Amino acid sequence: MATPGRLRPFPLGYLGLDAASLTEALADKLVHDIGKDGTHATDRDWLHAVIRAVRDRLIERALETERAYAAAGVRRVYYLSMEYLLGRALGNALLNLDFEEETRAALAAYGRELEALEGLEEDAALGNGGLGRLAACILDSMATLRLPGYGYGIRYEYGLFRQRIENGEQVEYPESWLRYGNPWEFPRPERLYPVHFGGRVESYRDAAGRLRFRWVDTEEVIAMAYDLPVPGWRTNTVNTLRLWGAKASRELDLRAFNAGEYVRAVERKIESEKLTAVLYPDDTTERGRELRLRQEHFFVSATVQDILARFRQEHGDDLARLPDKVSIQLNDTHPALAIVELLRLLLDEHGLDWDTAWDLTRRTCSYTNHTLMPEALERWPVALMERLLPRHLQLIYEINRRFLEEVNHRHPGDVTRLRALSLIDEEGGRSVRMAHLAFVGSHRVNGVARLHTRLMRETLFRGFHELWPERIVNVTNGVTPRRWLHHANRPLASLISSRIGHGWVGALEQLARLEPAAEEAAFREAFRAAKRACKARLADLVRERLGIAIDPDSLYDVQVKRIHEYKRQLLNVLHVVTLYNRLRADPHYEPAPRTVILAGKAAPGYRVAKLIIRLIHDVAAVVNADPAMRGRLRVVFVPNYDVTTAEDIIPAADLSEQISTAGTEASGTGCMKLGLNGALLIGTLDGANIEIREAVGEGNVFTFGLDADAAAALRANGYHPRARYEAEPELKLALDMIRGGHFSPGEPDRYAALVESLLARDRYLVLADYTDYVACQQRVAEAWRDPDGWSRRAVLTVARMGRFSSDRTVRDYAERVWGVRPVPHE
Ligand code: JNB
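A.B. asks: Describe the overall build of the protein, with residues and values.
C.D. replies: Tallying secondary structure elements over the protein gives 33 helices and 24 strands in all. By the compact-globule yardstick of 28 Å for 826 residues, the protein fits well, its C-alpha radius of gyration being 28 Å. Projected onto the principal axes, the alpha-carbon positions of the protein cover approximately 90 × 75 × 55 Å. Considering the protein as a whole, with its 826 residues, one finds that 59% of them fall into the buried category. A sequence separation of at least 24 residues applies to 77% of the contacts in the protein between residues at least 6 apart. Summing over all exposed atoms, the protein offers an accessible surface of approximately 31,900 Å²; the carbon and sulfur share of this is 51%. Averaging the locations of the 111 positively and 116 negatively charged side chains of the protein gives two centres separated by 2 Å.

A.B. asks: So, the pattern of salt bridges: which residues are in play, and what are the values?
C.D. replies: On inspection of all chains with the given rule, the structure shows 81 salt bridges. A salt bridge links Glu 290 to Arg 387, with the shortest nitrogen-to-oxygen separation between them at 3.1 Å. In this pair, Glu 290 sits in helix 9 (residues 290-315) while Arg 387 sits in helix 13 (residues 382-388), placing the two residues 97 residues apart along the sequence. Exposure remark for Glu 290: the relative accessible area of 26% places this residue in the partly exposed category. The exposure class of Arg 387 is partly exposed, given its relative accessible area of 48%. Between Arg 417 and Asp 414 there is a salt bridge, and its shortest N-O distance comes to 3.0 Å. Of the residues examined, Asp 414 reaches a relative accessible area of 25% and is grouped as partly exposed.

A.B. asks: Describe the site of the ligand, naming the residues involved and giving the relevant values.
C.D. replies: Residues in contact with the ligand amount to 17 residues; listed here are only the nearest, Leu 131, His 370, Asn 477, Glu 665 and Gly 668. A total of 560 Å² of accessible area belongs to the ligand in isolation, and the protein chains cover 88% of it. Classifying every residue of the shell around the ligand gives 5 nonpolar, 8 polar and 4 charged.

A.B. asks: Tell me about the packing of aromatic side chains, and name the residues and values.
C.D. replies: Per the counting criterion, the structure on display carries 17 aromatic pairs. Arranged with centres 4.8 Å apart and planes meeting at 40°, the rings of Trp 46 and Tyr 110 form a pair that is tilted. Placement of the pair is Trp 46 in helix 2 (residues 43-72) and Tyr 110 in the loop between helix 4 (100-108) and helix 5 (114-118), with a sequence separation of 64 residues. Both rings, one in Phe 461 and one in Phe 464, keep their centres 6.0 Å apart while their planes meet at 80°; by these two values the pair is edge-to-face. Neither residue differs from the other here; Phe 461 and Phe 464 are each classed as buried. Joined through ring pairs, the aromatic side chains of Tyr 367, Phe 403, Phe 439, Phe 461, Phe 464 and Trp 468 make up one cluster. Sitting above the plane of the Tyr 556 ring, Lys 535 keeps its charged end 4.7 Å from the centroid.

A.B. asks: Lay out the sheet that holds strand 20 (residues 594-599) with the relevant residues and their values.
C.D. replies: Whether parallel or antiparallel, the strands of a sheet pair through hydrogen bonds between backbone atoms. Taking strand neighbours across the sheet as the criterion, the 6 strands line up as 21-20-19-22-23-24 in an open arrangement whose pairing is parallel. Strands at the two margins of the open sheet, each flanked by one partner only, are strand 21 (633-637) and strand 24 (702-703). Where strand 22 (residues 655-658) meets strand 23 (residues 680-683), 4 bridges bridge the pair, whose relative direction is parallel. Across the sheet, Leu 655 pairs through a bridge with Leu 680, a residue of strand 23.

A.B. asks: Explain the pairing of strand 13 (residues 365-368) to me, and be specific about the residues and the numbers.
C.D. replies: Residues Cys 365 and Tyr 367 of strand 13 are buried on one face, and the alternating residues Ser 366 and Thr 368, pointing to the opposite face, are buried as well. Pairing of strand 13 with strand 17 (residues 444-447), which is carried by 3 bridges, proceeds in the parallel orientation. Across the sheet, the residue bridging to Ser 366 is Arg 444, located in strand 17.

A.B. asks: Describe the nonpolar core, listing the residues and the values that go with them.
C.D. replies: By size, the foremost hydrophobic cluster in this structure holds 267 residues, and its most contacted members are Phe 403 and Trp 818. Among all residues touching Phe 403, those that are not within four sequence positions of it are Leu 421, Leu 423, Val 440, Phe 464, Leu 467 and Trp 468.

A.B. asks: How would you sum up the environment of Pro 381? Please name residues and give values.
C.D. replies: Here Pro 381 shows up in strand 14 (residues 379-381). Placed 283 residues apart in sequence, Pro 381 and Thr 664 show a C-alpha to C-alpha distance of 26 Å. The contacts of Pro 381, once residues within four sequence positions are left out, are Arg 430 and Ser 431.

A.B. asks: So what's going on with a nonpolar patch on the surface? Which residues, and what values?
C.D. replies: Residues Tyr 262, Val 263, Val 266 and Ile 270 make up a contiguous nonpolar surface patch of about 400 Å² in total accessible area. Looking at the element boundaries, Ile 270 is found in helix 8 (residues 262-273).

A.B. asks: Give a detailed account of the packing of helix 9 against helix 11 (residues 337-349), specifying residues and quantitative values.
C.D. replies: Axis separation between helix 9 and helix 11 bottoms out at 9 Å; the angle between their running directions is 50°. With respect to each other, helix 9 and helix 11 are oriented oblique. The handedness of the crossing between helix 9 and helix 11 is right-handed. Residues Leu 293, His 297, Val 300, Ser 301, Val 304, Gln 305 and Leu 308 of helix 9 pack against Leu 337, Ala 338, Glu 341, Leu 342 and Leu 345 of helix 11. When grouped by side-chain class, the residues that make up the contact of helix 9 with helix 11 number 8 nonpolar, 3 polar and 1 charged.

A.B. asks: Could you give me a rundown of the side chain of Thr 235, with the residues and numbers involved?
C.D. replies: Within the secondary structure, Thr 235 is located in the loop between strand 10 (219-231) and strand 11 (238-248). Within the structure, Thr 235 has its side chain in polar contact with the backbone nitrogen of Thr 237 (distance 2.8 Å).

A.B. asks: Go over the state of the cysteines, please, and point to the residues and values.
C.D. replies: A full pass over the atoms with the stated rule returns 0 disulfides. Cysteine Cys 671 is unpaired, with the sulfur of Cys 137 as its nearest cysteine sulfur at 12 Å. According to the relative accessible area criterion, Cys 671 is buried, its value standing at 3%. Unpaired in terms of disulfides, Cys 776 finds its nearest cysteine sulfur in Cys 671, a separation of 16 Å.

A.B. asks: Give a description of helix 1 (residues 19-34) that names residues and reports values.
C.D. replies: Among the residues of helix 1, Leu 22, Ala 25, Leu 26, Lys 29 and Leu 30 are the ones counted as buried. The inward-facing, buried residues of helix 1 contact helix 2 and helix 4. Phi for Gly 35, located one or two positions after helix 1, is positive at around 80°.

So, how was this worked out
- Residues numbered from 1 in each chain as written.
- Predicted model: local features only at pLDDT ≥ 70, side-chain atom pairs only at ≥ 80, totals over all residues.
- Heavy atoms only, no water.
- Helix = DSSP H or I, 4+ residues; strand = E, 2+ residues; numbered from the N terminus.
- Rg over C-alpha atoms; globule rule 2.2 N^0.38 Å.
- Buried < 20%, exposed > 50% of the residue type's maximum accessible area, 1.4 Å probe, protein only.
- Contact = heavy atoms within 4.5 Å.
- Areas by Shrake-Rupley, 256 points an atom, 1.4 Å probe, with all protein chains shown as cover.
- Lys, Arg positive; Asp, Glu negative; His and termini not counted.
- Charge placed at Lys NZ, Arg CZ, Asp CG, Glu CD.
- Salt bridge = Lys/Arg side-chain N within 4 Å of Asp/Glu carboxyl O.
- Near = heavy atom within 4 Å.
- Nonpolar A, V, L, I, M, F, W, Y, C, P; charged D, E, K, R; others polar.
- Phe/Tyr/Trp six-rings, centres within 6.5 Å; stacked < 30°, edge-to-face > 60°.
- Lys NZ or Arg CZ within 6 Å of the ring centre and 35° of its normal.
- Pairing = 2+ DSSP bridges.
- Core = buried A, V, L, I, M, F, W, Y, C linked by side-chain atoms within 4.5 Å.
- Patch = residues over 30% accessible without salt bridge, like charges linked within 9 Å, V, L, I, M, F, W, Y side chains within 5 Å.
- Axes fitted to C-alpha atoms, helices over the stretch in contact; angles between N-to-C directions.
- Parallel < 35°, antiparallel > 145°, perpendicular 65-115°, else oblique.
- Left-handed = near helix turned anticlockwise from the far one by under 90°.
- Polar contact = N/O pair within 3.5 Å; in protein donor to acceptor, adjacent residues only side chain to side chain.
- Disulfide = S-S within 2.5 Å.

Encoded structure:
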């Protein structure tokens, strides 16, 4: 049976999931992996020992899972994302393995406390915001649903920057999350792929006399794999997230030897290894950066090579079966070059003809769009592509030529249409439109919420939709209930389980069984107690970190997300200033004691966003220092928003601010996490808010403002923000105070330009929605005065959030896009 030199899969008995075997394992790990004994070990040493012991238990299952997939010979899903916002992994792994109590007990035997160690784990922030966190939630759900799914990404040494607030301003610091090593990862120093850049393209005739192309004189960087285990919830399925790190090529050694330039050669090696040093912050000023394009190509080239290697190992050289065995999901356009790289390998390395290669490529790939905003769409200068990826550019031209021929065939002579659909933007220095490339190279293209998908069909991809009406589908986002409720909010999770059992964690629809509890006073009381516990915990954290006392009995009004003009933190600030003015004007006015909590990072080069952070701090300083605000209004900005901070804030929220200009937020996922934790939604009819409102019922959410159609119409018909300002005295007062330096007396002009730009243009219709927003906030305050009514709505919100599990999202992808089914194994 066994081929010589090749062992049969090593028969594994799983390591024990009991306290006794873990107690033994911890000592073993500490001594043999960490090299310390009990007297010298630090808390971090203990943390790493625990992680190693847990990792052992995961890798056994991961190997077994891979064997099951290979044995079944099923189609694999490859999720390609430049970003993963993983956060901490230990708590999640212990819950998924149902191993928490045992771990706590084993550590107690050594006098260590699990929670204290958990707090030392680095928060893996290999992403910017929603898109990166969605990728992490999708991995969790693929494993939980026992789907043969692999994540692929980049092992950045520096993830998203650490945000510090200095004198009210954001300052960015590099965050070296690998400083102490990553105890979770398995480096695979033999899993290497060469990736090429630069050079030129040669043509030649093959044996059959056909014209072929060769990419030559390139520089080479090596991609090395690092694997992270992705455990499913209460299943033996453990999938893999494979991250690529850059390693210098051996070629450089040879060249140095020949040229006698040893030190120069080492420098060049170090230079090429910088490729994966840093994650780019989502930042329009960073566009067109060569290193970013290099990262994208490096990532997709290594990934596509790895996918083909696994395919060929299992199925041999019959590449016609590729779409039956491989499904590649592109998380936005960042990995869209995978389409071109796959096409290139099929043509140039495997000798397929164009029609076959293109057909296989398109049937293999699918693309998720996450934004419609023109400035956020990737476009790469043709000149840069020409220099870095000449063969790829050639292929893009050929894809485009054939595509435009098809368009012209259907709409002869429609030059405007051709110009609009072309993969090449001819205006202002030619560039490649990555969204167009991703669209034509995919068999499915999806939006991430119903409204977003409709707007894709009607706006950005209108012409494409006319050509291929079946291609665009909707897959509304979701979030994993494991991390975002079960792990982050123990008080509420326990309360829910005590009522409806534990099954909801893996089947969130079961939350519907909570509905009757909303009508029971005792349950509402218990719900309030759970919420109160989370709020007290956050109050402790805010006091420790910021020295600000907040009242757990006040309304926690929470807006946490990246700072962006379209998300309209400014609208929130205008409400705060208005409330402040009302409270000052009338000492007896008591709408509801409110704590406004904001958090989020601004892209380092996004000046307005950073100014908004500063304004929040300036307003907070004045409000919090005013004795008249005591017990009535507090404003808090929690620094360095990341997954871990989200886990602290979200369970404590009463009110969830989702107030983007309608038509701008593709979906939003914070809205789902907050709803799941019993926060009531105040929001516009944008993104997933619409579907949340539909699910939880109109009476249980607070909606306001223009909808997407009205916003578009207003802009089209001439919008005059200054007229709103003149017509609305409270708005005028708030803006005048900000503009005049009421909150920045040391520098009265600090916000003059910001306010002027609102008056002159107000791209995101802040002034247009102001009045309705403030009125809506008043309804919120009135509702808050009836605690029982409020908690009734909050419980109903939780009960009706079942649809927003990423398990449902992944099932939708499996059905509508990937065509895969669960692979059970023992
Ligand atoms: C993002 C995101 C967008 C662009 C870059 C990085 N998008 C990240 C968000 C949408 C949300 C939606 C989530 C998940 O679908 O996070 O995706 O819920 O509405 O805003 C980016 C990074 C680097 C370069 C260029 C763009």
